Amino acid sequence: MSTALRGDGPIDCHVHCFGAGAGGSGCWIRVRGWRRLIMRPLLQQAGFRAGDLEGDFDARFLRRMEGMVADAGLRAAVLLAHDLPHSEKGEPMPSATPFHVPNRHVLAAARNSSRLLAGVSIHPARPDALDELEACAEAGAALIKLLPNCLNIDPRRKAYRGFWRRSAELGLPVLAHTGGEFLLPETDHRMSDPAVWEPVLEDCGLTVIAAHCGTRGHPLRPSYFPTFRRMAGRHERFYGDTSALHLPLRGFVLSACLEPEVERKLVHGSDFPVPFFRFGLPPRLWLRQGWGKLASNPLRRDLVCKQRLGFGADVFTRLARLIPARAWSGGEAKPPADRSEP
Ligand SMILES: [Zn+2]
């Protein structure tokens with residue numbers, strides 16, 4: 001078992017993991033229709049081509065990620081699992097998502113790497129949700145990643161309160177997608193409104209990090225940044241991440257994010273491998289000498305870009321104070337057993 005690097009240093013809280021199932025990883029990708037067009041640029045960001053999904057892709061992806069994190073000068077990156085959407089009765093809905101990354105895959109990656117942390121994903125309607133939560137916490141999970149608008153989760157449901165409370169007791173924050181979603185099919189776009197977390201923040205003691213700060217992720221959906229901003233000021237345990245704020249639909253909020261009362265509630269995240277749109281950023285950033293060299297490592301480019309924008313050092317290190325200490329040592333227990341594949 002390796003121990004992730006301690007000490008101060010920037011942490012990327014939002015790095016997606018992909019796998020095709022090689023080596024029994026349990027991961028799968030089933031992209032249909034126009035979304036096939038998106039796969040190529042996503043893989044390119046990680047230095048792969050579509051044909052590379054064959055063979056030992058899953059292990060090579062993890063090795064590539066570890067190398068990119070080290071080369072970027074990051075202390076660590078949180079690698080995100082992706083649970084299946086479930087009905088409110090707890091039935092899995094595998095056809096409603098184009099990919100799946102089981103928790104045991106990211107937990108094993110974190111355990112075997114000095115630079116990767118595990119972001120697990122647990123749908124709270126799962127019949128085994130609480131057991132999985134305990135097992136993941138014991139195995140060294142850093143946080144729980146959820147997309148309520150794509151996984152069919154209404155965080156306000158009373159039936160989920162026990163899950164949120166136990167997550168809070170275990171010290172696990174929820175990194176929740178907010179703002180509309182373009183790349184993945186949505187089950188209910190209204191669940192991308194940060195306000196759906198307000199009753200949870202008031203009653204459950206949970207720390208919630210709103211991915212993308214509620215900014216617009218779909219051209220036909222509203223921006224919830226004003227809601228994010230109000231909630232960040234009101235709720236001590238409510239934060240936002242800076243992931244994908246370079247995208248044209250989201251970038252309008254960058255100057256507002258640099259205001260002290262917003263910046264003090266932000267954590268650094270890239271949303272790798274979402275392709276980088278430099279034209280969403282002020283030209284003074286990317287016209288500088290040396291910008292071209294950054295393209296070889298999207299994690300480094302995102303980090304340098306956020307630093308040049310003027311985000312303070314605390315934004316890059318804040319996550320360390322929001323996740324359990326045991327996440328740095330990969331936990332003491334084995335990762336949870338695999339669930340039967342759909
Ligand atoms: Zn993301």
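This report concerns the structure included in the present document.

**Describing the sheet that holds strand β8 (residues 208-211)**
Okay, so step 1: Strand order in the open sheet formed by eight strands is β1-β3-β5-β6-β7-β8-β9-β10, and the pairing between neighbours is parallel. Looking along the sheet, the strands with just one partner apiece sit at the ends: β1 (11-16) and β10 (266-267).
Okay, so step 2: Bridging between strand β3 (residues 76-80) and strand β5 (residues 116-120) involves four bridges; their strand directions are parallel. Within β5, the residue paired with A77 across the bridge is L116.
Okay, so step 3: The strands touched by helix α3 (residues 103-111) are β3, β5 and β6 (141-146); relative to β5, the strand with the most contacts, the crossing angle is about 160°.

**Details of the packing of helix α4 (residues 129-138) against helix α6 (residues 161-169)**
Okay, so step 1: Direction vectors running N to C along α4 and α6 enclose 10°, while the axes themselves pass 10 Å from each other. Considering their axes alone, α4 and α6 lie roughly parallel with respect to each other. Contact with α4, carried on its side by A129, L130, L133 and E134, involves G162, F163, R166 and S167 of α6 and no other residues of that element.
Okay, so step 2: For the contact of α4 with α6, the class distribution of residues is four nonpolar, two polar and two charged.

**Some words on the pattern of salt bridges**
Okay, so step 1: One pass over the full model with this rule turns up 18 salt bridges.
Okay, so step 2: For D56, the salt bridge goes to R60, with nearest N and O atoms at 3.0 Å.
Okay, so step 3: One salt bridge connects E134 with R166, and the closest N-O pair in it is separated by 2.5 Å. Here E134 is found in helix α4, whereas its partner R166 is found in helix α6, with 32 residues between them in sequence.

**Quick notes on the layout of surface pockets**
Okay, so step 1: Here the largest pocket is characterised by a volume of approximately 720 Å³.
Okay, so step 2: Contributing to the lining of the largest pocket are 35 residues, with I38, E181, F182, L183 and V274 lying nearest its centre.
Okay, so step 3: Of the residues forming the lining of the largest pocket, the biggest block, four residues, is contributed by helix α1 (residues 36-45).
Okay, so step 4: Its residues assigned to classes, the lining of the largest pocket comprises 22 nonpolar, seven polar and six charged.
Okay, so step 5: Put simply, the second largest pocket is a space of about 290 Å³.
Okay, so step 6: In terms of residue count, α1 provides more of the lining of the second largest pocket than any other element does, five residues in total.
Okay, so step 7: By residue class, the composition of the lining of the second largest pocket is seven nonpolar, one polar and three charged.

**Side note on the packing of aromatic side chains**
Okay, so step 1: In the structure shown here, the tally under the stated rule is ten aromatic pairs.
Okay, so step 2: For the pair F18 and F61, a centre-to-centre distance of 6.3 Å together with 90° between the ring planes defines the contact as edge-to-face. Of this pair, F18 sits in the loop between β1 and β2 (28-29) while F61 sits in helix α2 (residues 57-72); the two residues are 43 residues apart in sequence, bridging distant segments of the chain.
Okay, so step 3: Residue F61 is classed as buried on the basis of its relative accessible area of 1%.
Okay, so step 4: Ring geometry for Y160 against W164: centres 6.4 Å apart, planes inclined by 85°, an arrangement best described as edge-to-face. Like Y160, the residue W164 is buried in the burial classification.
Okay, so step 5: By way of ring pairs, the aromatic residues F18, F48, F57, F61 and F99 are connected into one cluster.
Okay, so step 6: Its end group placed over the ring of Y239, K265 keeps NZ or CZ at 5.0 Å from the ring centre.

**A few points about the nonpolar core**
Okay, so step 1: One finds F61, L79, W164, W197, F228 and L299 to be the most contacted residues of the largest nonpolar core, which totals 90 residues.
Okay, so step 2: Looking at this core, the element that brings in the most residues is α2, giving seven residues.
Okay, so step 3: By size, the runner-up hydrophobic cluster in this structure holds 18 residues, among which are L80, L117, I209 and W328.

**Comments concerning the state of the cysteines**
Okay, so step 1: A full pass over the atoms with the stated rule returns zero disulfides.
Okay, so step 2: C13 forms no disulfide, and the closest cysteine sulfur to it belongs to C213, at a distance of 9.9 Å.
Okay, so step 3: A residue is classified by how much of its surface remains accessible, and C13, at 0% relative accessible area, is buried.
Okay, so step 4: Here C27 stays unpaired: no disulfide links it, and the sulfur of C17, its closest cysteine neighbor, is 5.4 Å away.

What counts, and at which threshold
- Residues numbered from 1 in each chain as written.
- Predicted model: local features only at pLDDT ≥ 70, side-chain atom pairs only at ≥ 80, totals over all residues.
- Heavy atoms only, no water.
- Pairing = 2+ DSSP bridges.
- Helix = DSSP H or I, 4+ residues; strand = E, 2+ residues; numbered from the N terminus.
- Contact = heavy atoms within 4.5 Å.
- Axes fitted to C-alpha atoms, helices over the stretch in contact; angles between N-to-C directions.
- Parallel < 35°, antiparallel > 145°, perpendicular 65-115°, else oblique.
- Nonpolar A, V, L, I, M, F, W, Y, C, P; charged D, E, K, R; others polar.
- Salt bridge = Lys/Arg side-chain N within 4 Å of Asp/Glu carboxyl O.
- 1 Å grid on protein atoms, 1.4 Å probe; cavity = no way out; pocket = protein on both sides within 12 Å on 5 of 7 lines; lining within 4 Å.
- Points joined across faces, edges and corners; volume = space filled by probe spheres on them.
- Phe/Tyr/Trp six-rings, centres within 6.5 Å; stacked < 30°, edge-to-face > 60°.
- Buried < 20%, exposed > 50% of the residue type's maximum accessible area, 1.4 Å probe, protein only.
- Lys NZ or Arg CZ within 6 Å of the ring centre and 35° of its normal.
- Core = buried A, V, L, I, M, F, W, Y, C linked by side-chain atoms within 4.5 Å.
- Disulfide = S-S within 2.5 Å.

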